[in-house]
Amino acid sequence: SMDSINEVDVLISRLPRYSNQRETLERLLNTQSVYVQVDENGRIVLSQKLRDLIGVTTEATFAGMGEKFQIWEPSYYTADLERINSEMSSPQAEEDIFALLDTGHEALK
């Protein structure tokens, strides 16, 4: 949403002007963002550029993620879930990631 984009822009604007990190984030997030169309049935229409970027041809996987969602080529999504599950297979990794929830928003800032 536009509110989310504005929120990200505020976060980026807090970084030092002309810093490499700020310019990298601006380039990655601002210059490559695109508006998507919604058809008369409420479906999102992905441009050919976006379909090419994520490798979607005939099917896509939509992954709901709280206030946002991601669109994946199905086999890429499955592979990424396998990667996450592999990384999370150690008890230490699971404790570390869930510890972020215990600390509230401070750990996420």
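The rules behind these values
- Residues numbered from 1 in each chain as written.
- Predicted model: local features only at pLDDT ≥ 70, side-chain atom pairs only at ≥ 80, totals over all residues.
- Heavy atoms only, no water.
- Phe/Tyr/Trp six-rings, centres within 6.5 Å; stacked < 30°, edge-to-face > 60°.
- pLDDT = per-residue confidence, 0-100.
- Helix = DSSP H or I, 4+ residues; strand = E, 2+ residues; numbered from the N terminus.
- Salt bridge = Lys/Arg side-chain N within 4 Å of Asp/Glu carboxyl O.
- Buried < 20%, exposed > 50% of the residue type's maximum accessible area, 1.4 Å probe, protein only.

### Re the packing of aromatic side chains
Now for step 1: In the structure shown here, the tally under the stated rule is 2 aromatic pairs.
Now for step 2: An angle of 35° between the planes, with centres 5.7 Å apart, marks the rings of F62 and F69 as tilted.

### Observations regarding the confidence of the model for the chain
Now for step 1: The share of residues in the chain with pLDDT of 70 or more is 92%, and the mean pLDDT across the chain is 85.
Now for step 2: Mean pLDDT values for the elements of the chain range from 74 in helix α5 (residues 91–102) up to 93 in helix α4 (residues 74–87).

### Some points on the pattern of salt bridges
Now for step 1: Tallying each qualifying case throughout the model produces 4 salt bridges.
Now for step 2: Residue R22 pairs with E26 through a salt bridge whose shortest N-O separation is 3.1 Å. Of this pair, R22 and E26 are both found in helix α2 (residues 20–30), 4 residues apart, which corresponds to roughly one turn of the helix.
Now for step 3: Its relative accessible area of 11% is what places R22 among the buried residues.
Now for step 4: D39 is the partner of R43 in a salt bridge, and the nearest nitrogen-oxygen pair spans 2.8 Å.
Now for step 5: Note on R43: relative accessible area 49%, which makes it partly exposed.

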